[in-house]
Amino acid sequence: MSKKQTSKKQNEELLTRKEFIGIHEEFKKDVNQRFEKVENALQNQAKAILKNSDDIKIIKETMSTKDDVEKILTAIDSFA
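Residues numbered from 1 in each chain as written. Predicted model: local features only at pLDDT ≥ 70, side-chain atom pairs only at ≥ 80, totals over all residues. Heavy atoms only, no water.

Participant: Would you mind going over the overall build of the chain in detail, with residue names and values included?
Facilitator: Tallying secondary structure elements over the chain gives 3 helices and 0 strands in all. Along the chain, from the amino end to the carboxyl end, the secondary structure elements read α-α-α. By element, 59% of the accessible surface of the chain is carried by carbon and sulfur atoms, the whole surface being about 8,100 Å². (Helix = DSSP H or I, 4+ residues; strand = E, 2+ residues; numbered from the N terminus. Areas by Shrake-Rupley, 256 points an atom, 1.4 Å probe, with all protein chains shown as cover.)

Written out as structure tokens, the structure reads:
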């Protein structure tokens, strides 16, 4: 291949500024969409963690312990 043909082929493979800007804008849009998805997923996970933490707090406040159950059983046995 001659030098002139090689140069012509290289020029055909190069992007124009407008094409490059178009590709760049598509890339930015895609990246932003992906970041939005990740951000939404993180927000949902954070909300779920907070809800679970509240639920655990309620369970700890209202749950009977082993000692509580033993006291109740001992009281029942003493009446029998």
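Participant: Go over a nonpolar patch on the surface with me, naming the residues and quoting the values.
Facilitator: A surface patch of nonpolar side chains, amounting to about 380 Å² of accessible area, comprises Leu15, Phe20, Ile21 and Ile23. Relative to the assigned elements, Phe20 resides in helix H2 (residues 17-62). (Patch = residues over 30% accessible without salt bridge, like charges linked within 9 Å, V, L, I, M, F, W, Y side chains within 5 Å. Salt bridge = Lys/Arg side-chain N within 4 Å of Asp/Glu carboxyl O.)

Participant: Before we move on, could you go through the confidence of the model for the chain and cite the residues and values that matter?
Facilitator: On average, residues of the chain carry a pLDDT of 88, and 82% of them reach 70 or more. The lowest-confidence element of the chain is helix H1 (residues 3-13), averaging 62 in pLDDT; the highest-confidence one is H2, averaging 95. (pLDDT = per-residue confidence, 0-100.)

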